[in-house]
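Each chain, written out:
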Amino acid sequence: MRQTLAAVAATITAVLALTACSPDYAPGPSGTVSDRSATYRKADGWHYQLTVTTTDGRRQDFRVTRDEYKHCFRGSAYPTCTHR
């Protein structure tokens, strides 16, 4: 019985530790979101990416978290869109 409870507690602790950690990516440049993509890779899961067009017309791709991806649509102002 104690081994079962210890195994359950260890499993819950591991799940909480994994879900509490979120990736910390460097912020992209300020500008207008011109494209976004989500790619699933079997080896390491989902990768979310935004493409921003800056005020001088350059486009830059960068990786973002799932929450940032969900909040930033084409035409929205980055990084303002991440604070919804």
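Whatever comes next refers back to the structure up there.
Cut-offs used in this document
- Residues numbered from 1 in each chain as written.
- Predicted model: local features only at pLDDT ≥ 70, side-chain atom pairs only at ≥ 80, totals over all residues.
- Heavy atoms only, no water.
- Phe/Tyr/Trp six-rings, centres within 6.5 Å; stacked < 30°, edge-to-face > 60°.
- Lys NZ or Arg CZ within 6 Å of the ring centre and 35° of its normal.
- Pairing = 2+ DSSP bridges.
- Helix = DSSP H or I, 4+ residues; strand = E, 2+ residues; numbered from the N terminus.
- Disulfide = S-S within 2.5 Å.
- Buried < 20%, exposed > 50% of the residue type's maximum accessible area, 1.4 Å probe, protein only.

A. Representation of the packing of aromatic side chains. Under the counting rule described, the total for this entry stands at four aromatic pairs. One aromatic cluster is present, built from ring pairs that chain together Tyr40, Trp46, Tyr48 and Tyr69. Directly above the aromatic system of Tyr69 lies the positively charged group of Arg36, at a separation of 4.0 Å from the ring centroid.

B. Fine view of the sheet that holds strand β3 (residues 59–64). Here four strands make up an open sheet; going across it, the order is β3-β2-β1-β4 and the pairing antiparallel. A single partner strand is all that each edge strand has here, and the edge strands are β3 and β4 (77–78). As paired elements, strand β1 (residues 31–41) and strand β2 (residues 45–53) share nine bridges and run antiparallel to each other. Within β2, the residue paired with Thr32 across the bridge is Thr53.

C. Inspection of the state of the cysteines at higher detail. Summed over all chains, the structure comprises one disulfide. Sulfur-sulfur distance for the disulfide between Cys72 and Cys81 comes to 2.0 Å. With the S-S bond torsion at 90 degrees, the cross-link from Cys72 to Cys81 turns out right-handed. On the basis of relative accessibility, which here comes to 0%, the residue Cys72 falls in the buried class.

D. Summary view of the environment of Ala38. Examined against the element boundaries, Ala38 turns out to sit in strand β1. Residue classification places Ala38 among the partly exposed positions, given a relative accessible area of 35%. Along the sequence, Ala38 and Leu50 sit 12 residues apart, while their C-alpha atoms lie 8.9 Å from each other.

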